[in-house]
Amino acid sequence: MEHQGDSSSRTNAQLSKKVRRTMGHTVQVAVATLNQWAMDFQGNLERILLSISMAAARGATYRTGPELEVSGYSCEDHFHEPDTYMHCWEALVEIVQAPVAQGMLIDVGMPVQHRNVAYNCRVAFYNGRIVLIRPKMTMCDDGNYRETRWFSPWTKERQTEDYQLPRFVALALGQESVPIGDAVIATLDTCLGYEICEELWNPRSKHIDMSLAGVEIIVNGSGSYMQLRKAHITADLIRNASYKAGGAYLFSNMRGCDGQRVYFNGCSAVALNGSIIARGKQFALSEVEITVASFDLHDIRAYRGALRSRSSVAAYAPTYPRIQLQLELAASDRDHPGTPASSPLGEWVYHRPEEEIALGPACWLWDYLRRSGQGGFFLPLSGGVDSSSTAIIVHSMCRLVVQAIEQGDRQVRDDCRKILADQEYMPTSAAELCGRLLFTCYMGTENSSRETRQRAATLAGQIGSSHLDIGIDVAVSALLGIFQLATGMRPRFRAAGGCPRQNLALQNIQARTRMVLSYLFAQLMLWVRQRPGGLLVLGSANVDEALRGYMTKYDCSSADVNPIGGISKMDLRRFLAYAQVEFGLPIVAEIVAAPPTAELEPLVDGAIAQTDEEDMGLTYQELSEFGRLRKQAFCGPFSMFCKLAAAAMADGNRDPKQVAERVKHFFRCYAINRHKMTVLTPSYHAESYSPDDNRFDHRPFLYRANWTWQFRAIDTELELLAKHQARMEEERAKGGAAAAANQQQVSGSNATTEPLFFSGSAGGAGMTTATSAYQLVRQSSGLYLAGGVGGVSTGGGDGPGQLTVGLTKSHSSGGYSRMHSSVLGKIKDRTGVAV
């Protein structure tokens, strides 16, 4: 006869054996990349539900998505409107109750108001019940972000409160309240917690504390936008987070243009114990992408257990409030036998900058076009680098559209048919589609050259755009005739004896006439083709010209959108060299080789007499460097001079006095032309030194143009440098040992003791030695590099050791004396006026 204890022990042993047989330890998760649209609650809802359906079809037991995916990220001041929060809750109820959302743990990003305070939140739910609202704890307010204008950070660490659900939500879900705060979710087999976007970038990231508290899966919903050469940053952050903390890190990001100048970066990924095991695309036209990864919970526990110092710290780490769920995220052996764990992907291959230019602005243009209700683009095509780059980016967009349709993307196909008002249309090639979407026009005057006219026509033929070649002299003459009739005077070009004001006015009237005609043609060209709708006018002013103010206000720089407005001239040249080979466009070689010119002054013997760099008094290379020092290094005139002068002296390629003249000239031009940024065409954000006044660069637009105090500090520093140089020359002449040692230091030696370089300087700039200043300039991110692409010299490169100080003379004739350079637009002999 069996004892009762023996029977109970046998039953428990059998149950334990059964649990071991059925309970798995491989988790399959899905991170969603969504192309959302601010305030498009219906479209956003449909894309979220589609992502959940795709995740379920691939066997995921958990799905997460990007930041603020329900409302769209760029709602801005709509976040002050109660309607926005109400519509988010309405959409959430539909998601929570959707049949496809059952049986899976899901979280979405949306704004939530709690006790009259707005928070940026993750809302997690399971089987028709909301389980946690986790507010963002670190706001982002740099670059293009202004989150504290709309949201407050949750400041109560490891604390939760009861959130009373809106009444209609409570009735629909049969649930009155839900925890809100800094908590984690514990399932039967693991534990997961949240970071939201900026919390990953912050020095006190939350994933460390959560890891020490036993959280094995860290989830981050993000809204990170694209900048050139930035894609590696996110990958490095999530890889390092999982390496240091151990565990799985799930990063979900938006992709596309959701209503602003930025293009969200995509690149959703999953990392495990320091390795990327799954990742999504950076650029694509698809609206929904699911990245699925599988990992073994035992691998996380083994990895962490082997880090003995981590275990020691974790043993006394404070705990988080845990929301307990009767749910297993790991698939059971019975339901999903042999589910493989994901393997490390190896080296993440990033797009080169020229590829990012080919893809990012193209995707942004597609989003803008299909959501604008317009039928294509109109571009004034001059045959120069800038307008040609814009045209080729549209061609790249057409290539992406054709590829997506060939791969079976019905959304792209339907959008294309809607834009073209042809429900049966199927593109046969990128050039054929470009002929329907892009209308280019060369608007020549008597000052235009045959070469630029021919380059524009040839490029249009190679990319397939519908091209026109027109003359606008009649329109210009008519406008000047009106002026003459009203005043009795007629302005003349400088070459004909006119003064600088007359010369500038005659240039600007040509540019502004082109803008007026561009909008006329954009509104009527589809009417000519018997198609409905109109065209979006494309701008083609680069970031360097915007920074310098080298554009005519309300000329062709004034357009509907500008895909290259955040890209430097140097990078555009790299892009064209890439496009020449990748897209098969032979004419690009001639476009890159030609000197940049506005062609607004009379020709001399049929040849160009005007070049942009000569007009500006600065090279494009120098503008890129000045722009980065101004924006990224936060340099005013004095500190910019100190850094550049020290680097120039160390290289021995420029006298500090010439550096001072260039810096002063740059800041005079910047000050006088800053007002142009207030009407800058909305442009694709790509460069970290963009002067866009809308959001990225909040500085005044009315300055004292002669910068009296700042320029006086530069002059004082110049005197000190002159004395320093004179003393060095004297010591060298004597052949003293001290002079030799000092010269070695100024030349950039590795000596550890250096004489003060800026000692006693007025105001002080924190720059104490020539070598330290020189190294600071070299360490400045993104300073232009020497090199080439595809055998075409571009003045750029990405290799270490290629950094060069860019204060070199232009290849254009005439030099850069102050009387040859323009401050106001295109005047060549005016140095600026005091304000």
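What you are looking at is a predicted structure, and each value in this text was computed from that prediction instead of being measured.

Visitor: What should I look at first to understand the overall build of the protein in this one?
Guide: From N to C terminus, the protein includes 26 helices and 24 strands. Relative to its full complement of 835 residues, the protein shows a buried share of 58%. Carbon and sulfur atoms form 53% of the exposed surface of the protein, whose accessible area is close to 33600 Å².

Visitor: Sorry, what's going on with helix α15 (residues 473-487) here?
Guide: Every α-helix carries 3.6 residues per turn, so stepping three or four residues along brings you back to the same face. With 15 residues, α15 extends 21 Å from end C-alpha to end C-alpha; this agrees with the ideal 21 Å at 1.5 Å per step. Immediately beyond the C-terminal end of α15, within one or two residues, lies G488, with a positive phi of roughly 75 degrees.

Visitor: For this particular structure, what's the right way to read empty space enclosed by the protein?
Guide: Taken as a whole and judged by the stated rule, the model has six cavities of 30 Å³ or more. There is about 740 Å³ of room inside the largest cavity. In terms of lining, the largest cavity is formed by 37 residues, of which the most central are S382, R514, S540, T597 and A598. Mapped by element, the contributors of at least two residues to the lining of the largest cavity are α11 (385-406), β20 (438-444), α14 (450-463) and α16 (500-528). By residue class, the composition of the lining of the largest cavity is 18 nonpolar, ten polar and nine charged. Of the pockets and cavities examined, the second largest cavity occupies roughly 220 Å³. For the lining of the second largest cavity, the class distribution of residues is eight nonpolar, eight polar and six charged. Here the lining of the second largest cavity spans two domains, since at least three of its residues come from each of domain 1 (26-343) and domain 3 (617-728).

Visitor: Any chance you could explain the nonpolar core here in plain terms?
Guide: Side chains of nonpolar character tend, in soluble globular proteins, to be buried together. Within the largest apolar cluster, 63 residues are counted, with the highest numbers of intra-cluster contacts made by L365, F377, I392, M397, L433 and F575. Counting residues per element, this core draws most heavily on α11, which supplies twelve residues. Of the domains in this structure, domain 1 (26-343) and domain 2 (356-605) are the two that each give at least three residues to this core. Residues A30, L45, A60 and V108 belong to the second largest nonpolar core, which totals 42 residues.

Visitor: Explain α16 to me, please; I cannot follow it from the model alone.
Guide: A rise of 1.5 Å per residue sets the reference length of α16, with its 29 residues, at 42 Å; its end C-alpha atoms lie 41 Å apart and thus fit the reference within 8%. In α16, a bend of some 30 degrees at A522 exceeds every other bend along the element. Within two residues after α16, Q530 carries a phi angle of roughly 60 degrees, on the positive side.

Visitor: Would you explain the sheet that holds strand β22 (residues 536-537) in this entry?
Guide: By way of backbone hydrogen bonds, the strands of a sheet pair with one another, either parallel or antiparallel. Taken together, four strands build an open sheet; the order of strands is β21-β20-β19-β22 and the sheet is parallel. Each edge of the sheet is formed by a strand with only one pairing partner; in this case those strands are β21 (466-471) and β22. Summarising the sheet, β20 and β21 pair through six bridges and their orientation is parallel. Following the sheet pairing, Y442 is matched in β21 by D469. Sheet strands touched by α11: β19 (377-380) and β20. Its angle to β19, the strand with the most contacts, is close to 155 degrees.

Visitor: Whenever I open this one, the sheet that holds strand β15 (residues 275-279) confuses me. Can you help?
Guide: Reading across from one edge, β15-β14-β11-β10-β9-β8-β17 is the order of the seven strands in this open sheet, with mixed pairing throughout. Edge positions in the sheet fall to β15 and β17 (322-324), since each of these pairs with one other strand and no more. For this sheet, the mean inter-axis angle between neighbouring strands, taken without regard to orientation, is 25 degrees. The sheet contact formed by strand β9 (residues 191-196) and strand β10 (residues 217-222) spans five bridges and is parallel. Residue pairing across strands places Y194 opposite V219, the latter belonging to β10.

About the criteria used
Residues numbered from 1 in each chain as written. Predicted model: local features only at pLDDT ≥ 70, side-chain atom pairs only at ≥ 80, totals over all residues. Heavy atoms only, no water. Helix = DSSP H or I, 4+ residues; strand = E, 2+ residues; numbered from the N terminus. Buried < 20%, exposed > 50% of the residue type's maximum accessible area, 1.4 Å probe, protein only. Areas by Shrake-Rupley, 256 points an atom, 1.4 Å probe, with all protein chains shown as cover. Expected span 1.5 Å × (residues − 1). 1 Å grid on protein atoms, 1.4 Å probe; cavity = no way out; pocket = protein on both sides within 12 Å on 5 of 7 lines; lining within 4 Å. Points joined across faces, edges and corners; volume = space filled by probe spheres on them. Nonpolar A, V, L, I, M, F, W, Y, C, P; charged D, E, K, R; others polar. Domains from an automatic or database assignment. Core = buried A, V, L, I, M, F, W, Y, C linked by side-chain atoms within 4.5 Å. Bend = angle between axes of the 7 residues up to and from the residue. Pairing = 2+ DSSP bridges. Contact = heavy atoms within 4.5 Å. Axes fitted to C-alpha atoms, helices over the stretch in contact; angles between N-to-C directions.

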